[in-house]
Amino acid sequence: MPVRFFLTAIYLGWSLWTMNWGVTWIVWPVGAVLFAALVGLMELTTKDTTQV
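What counts and how
- Residues numbered from 1 in each chain as written.
- Predicted model: local features only at pLDDT ≥ 70, side-chain atom pairs only at ≥ 80, totals over all residues.
- Heavy atoms only, no water.
- Helix = DSSP H or I, 4+ residues; strand = E, 2+ residues; numbered from the N terminus.
- Buried < 20%, exposed > 50% of the residue type's maximum accessible area, 1.4 Å probe, protein only.
- Contact = heavy atoms within 4.5 Å.
- Polar contact = N/O pair within 3.5 Å; in protein donor to acceptor, adjacent residues only side chain to side chain.
- Phe/Tyr/Trp six-rings, centres within 6.5 Å; stacked < 30°, edge-to-face > 60°.

**Topic: the environment of Ser15**
Part 1 of the argument: With respect to the helices and strands, the residue Ser15 is situated in helix H1 (residues 2–18).
Part 2 of the argument: A residue is classified by how much of its surface remains accessible, and Ser15, at 0% relative accessible area, is buried.
Part 3 of the argument: Residues in contact with Ser15, not counting those within four places in the same chain, are Asn20, Trp21 and Thr24.
Part 4 of the argument: Within the local environment of Ser15, its side chain forms a polar contact with the side chain of Thr24, the two groups lying 2.5 Å apart.

Put into structure tokens, the structure is as follows:
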């Protein structure tokens, strides 16, 4: 899943840049919430044409 690699890159980049490993873990829950919101929004905006 590309989102996982993107979040890993952000986490490692931010953590290595600041060396603040105790705070940068927040990338994971924020990324999960944003991903879930994006998926939900996309499901709302796309129409399912297979239903009769």
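Next comes the rest of the account.
**Re the packing of aromatic side chains**
Part 1 of the argument: For the structure shown, the criterion picks out two aromatic pairs.
Part 2 of the argument: Taken together, a centroid distance of 5.9 Å and an interplanar angle of 75 degrees make the contact between Tyr11 and Trp21 edge-to-face. Of this pair, Tyr11 sits in helix H1 while Trp21 sits in the loop between H1 and helix H2 (27–45), and the two are ten residues apart along the sequence.
Part 3 of the argument: Using a relative accessible area of 17% as the deciding quantity, one classes Tyr11 as buried.

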